[in-house]
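The chain contents come next:
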Amino acid sequence: MSALLAIQDVVTAYGKIEALRGVTLAVEEGSITCLLGPNGAGKTTLMMTVAGILRPRSGSIRFGGGEIAGAAPHRIVEQGIALVPENRLVFPHMTVLENLRAGAYQRNDRGGIAADIDRMFVRFPRLKERAAQEGGTLSGGEQQMLSVARALMSRPKLMLMDEPSLGLAPLVVEEIFRIITELHRDGTTIFLVEQNAHMALTVAHHFYLIEQGRITFSGDPGSLAEDEVIHRAYLGSAKV
Amino acid sequence: MLADLIQNTLDGLTAGAAYALLAVGFTLIFGVLRRVNLSYGAAIMLGVYFATWTSHHFQVGLLALALLTIAGAVLAGTYVERLCFAPHYAARDLRTGASSSSIAAMVASFALWMQFEEAAILALPKHLYAFPPLYSGEPLRLGSFLLRVESLYLLAAAIAVCLLLHTILYRTRFGLAVRAVIDVPMAAQLVGMNVSSVFVRIFALASAIGGLAGFLIAASHEQVTPMLGMWSTIKGMLAMMLGGLGSLPGAVAGGLVLGLLEAHSQWYFGPQMRDLIAYLLIFVLLALRPAWMTRWTTIRSAS
């Protein structure tokens, strides 16, 4: 296995405040890699930086060997990275079908796009039922499915997922994680940010802990007691 | 009495057809893109001046004049977009909906309005210039009533542009990108759309519509002054507001209603009162029914 995504000493700042203070990590090709950490640790900032929405102040982000740090978001999608953003961000005034078409915006193969939409409808039958409904009318779980399906429409090599379980009922969370393992089985590399450390550790091959903008632990599930991981993921490592 | 009413209505439709076409362009920029571009009318005026200047120096036909007006307006509109609006497409501005950056863009666009007027006056310093007529025959006779043929051209153009825009927004890949960028700019970036390029193309399209409107208006008035920018802005914005700020058919209806309102108030209350009454009615509408303005503000209603 080799690193599909290699992040080296990345610093991203909002004005003078550094949200990422030199992050280094790697996502192996074909893996499910998970990033855990408390609120405000920099998880979403890291996802936004990889996706090109935020520009890193310094450091390198290599994808499949090429440098992508600081590239525009549409260039990064071109490279084969798709982000399922925090809070899903479906297009609320566009139909489910149009949301999926938007996901395939950079593709020109009409036949392939139509076939992929059918494939999404098989994988997410609820989306098929709601194909003509506007994105904003879907339930939270359905919007998450749509957000995942929309990202898949670009046929990414690497899928970034930012807290896909946020605000969802336990049954829906289980479904989301079932889908994550299915996508992985189909050959997509997944880099997952989660608050739900327990669920994340059941699917991850490798995980990182991030605290205050720095990676503080890297290991396989099992290399650190789950209690300890959960404690640090929610509260940080400061001992009470 | 009834005869006057009918003739006034026909005159109102003539003016209203011009307002309708202007309002369609304004709706695209203000209602659909949600950008307060104060120099939109001035860009139209500059396009018309570009054509007028050419027709004073060279022998050009009507079609060439129309194309020159459109080209001039598109150039001016794109210039406005690059200078005033493009600096504010950074992720930070798009995410917050950034009131400070939209105010900066609005003020900058007002500065360009002044720039365009100065440029027009420098190129053609007299207050008034003749513009070749769109139609030089007799007006249409409907019984004892008269209807200007130009108004039919304007109305047909407004309806055609409406249908064309609807097709572009709902049937093309570019339209999908426009709607996505307006709906959730960050999500549009995440699916690989280039926000900046989508915006510059939609500004160019809106300016082309403005150029067409400017040409048809100048050619039916048969004259131009630098006040065309101010005139287009006021009439276009009022008609857009009456139509509900974001609905294309609403813009056409709003233009016609404004034209009728003006024609009838001029007849009953005199020419000095014409604008006053039109503005007063719009003020009352907005004061009593502010929801009217937000009723259509999502792109979904641009149908």
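Residues numbered from 1 in each chain as written. Chains lettered and ligands numbered in written order. Predicted model: local features only at pLDDT ≥ 70, side-chain atom pairs only at ≥ 80, totals over all residues.

Colleague: Could you give me a rundown of the overall build of chain A, with the residues and numbers involved?
Modeller: Looking only at helices and strands, chain A has nine helices and 10 strands in total. Whereas a compact globule of 240 residues would reach a radius of gyration of roughly 18 Å, chain A reaches 17 Å, a difference of no more than 12%. Based on the C-alpha atoms only, the size of chain A along its principal axes is roughly 50 × 35 × 35 Å. Counting the 240 residues in chain A, one finds 46% classified as buried. In chain A, the share of contacts with a sequence separation of at least 24, taken over all contacts with a separation of at least 6, comes to 69%. (Helix = DSSP H or I, 4+ residues; strand = E, 2+ residues; numbered from the N terminus. Rg over C-alpha atoms; globule rule 2.2 N^0.38 Å. Buried ≥ 20, exposed ≤ 12 C-beta atoms within 10 Å, placed from the backbone. Contact = placed C-beta atoms within 7 Å.)

Colleague: I'd like a rundown of the interface of chain A and chain B, residues and numbers included.
Modeller: Between chain A and chain B, the residue contacts involve 22 residues of the former and 18 residues of the latter. Counting only elements with at least two residues in the side of chain A that touches chain B, the list comes to helix 2 (73–79) and helix 3 (96–103) of chain A.

Colleague: Explain the nonpolar core to me, and be specific about the residues and the numbers.
Modeller: A:Leu160, B:Ala20, B:Leu21, B:Val24 and B:Ala158 are the most contacted members of the largest nonpolar core, which has 168 residues in total. Each residue touching B:Val24, except ones within four places of it in the same chain, is listed here: B:Ala158, B:Val161, B:Cys162, B:Ile209, B:Leu248, B:Ala251 and B:Val252. (Core = buried A, V, L, I, M, F, W, Y, C linked by C-beta atoms within 7 Å.)

Colleague: Could you give me a rundown of helix 4 (residues 110–123) of chain A, with the residues and numbers involved?
Modeller: Residues and elements named next belong to chain A. In a regular helix each residue adds 1.5 Å, so 14 residues correspond to 20 Å; helix 4 covers 20 Å between its end C-alpha atoms and thus fits that length. Among the residues of helix 4, those classed as buried are Asp116, Ile117 and Met120. Buried residues of helix 4, seen end-on, are gathered within an arc of 105° and therefore sit on one face of the element. Facing away from the buried side of helix 4, by more than 90 degrees, are the exposed residues Gly111, Ala114, Ala115, Asp118 and Val122. Those residues of helix 4 that are buried are in contact with helix 3, helix 5 (125–129) and helix 6 (140–152). (Expected span 1.5 Å × (residues − 1). Arc of directions from axis to C-beta.)

Colleague: A description of the sheet that holds strand 3 (residues 32–36) of chain A should follow, citing residues and the corresponding values.
Modeller: Residues and elements named next belong to chain A. Taken in spatial order, the six strands line up as 6-7-8-3-9-10 in an open sheet, and their pairing is mixed. Pairing within the sheet leaves two strands with one partner each, and these edge strands are strand 6 (81–84) and strand 10 (214–219). In this sheet, neighbouring strand axes are inclined to one another by 20° on average, regardless of whether the strands run parallel or antiparallel. Where strand 3 and strand 8 (residues 189–194) come together, five bridges link them in parallel fashion. Within strand 8, the residue paired with Leu35 across the bridge is Val193. Across the sheet, helix 1 (residues 43–51) is in contact with strand 3, strand 6, strand 7 (158–162), strand 8 and strand 9 (206–211); its angle to strand 7 comes to roughly 150°. Sheet strands in contact with helix 7 (residues 170–185) are strand 3, strand 7 and strand 8, and its direction is about 155° off that of strand 8. (Pairing = 2+ DSSP bridges. Axes fitted to C-alpha atoms, helices over the stretch in contact; angles between N-to-C directions.)

Colleague: Describe in detail the sheet that holds strand 5 (residues 66–67) of chain A, supporting the description with residues and values.
Modeller: Residue and element names in this part refer to chain A. The four strands are arranged 2-1-4-5 in an open sheet whose pairing can be described as antiparallel. Edge strands, defined here as strands with exactly one partner in the open sheet, are strand 2 (17–28) and strand 5. Sheet topology note: the strand 1 (residues 3–14)/strand 4 (residues 58–63) ladder contains five bridges and is antiparallel. By the bridge assignment, Ala6 is partnered in strand 4 with Arg62. Sheet strands touched by helix 1: strand 1, strand 2 and strand 4. Its angle to strand 2, the strand with the most contacts, is close to 70°.

Colleague: Mind laying out the confidence of the model for chain B, listing which residues take part and the relevant values?
Modeller: Residue and element names in this part refer to chain B. Put simply, chain B has an average pLDDT of 87, and 93% of its residues get 70 or more. Note that pLDDT drops below 50 for residues 297–303; the model gives that stretch 19 contacts with residues more than four away or on any other chain. Our summary of model confidence lists the complex with pTM equal to 0.87 and ipTM equal to 0.93. (pLDDT = per-residue confidence, 0-100.)

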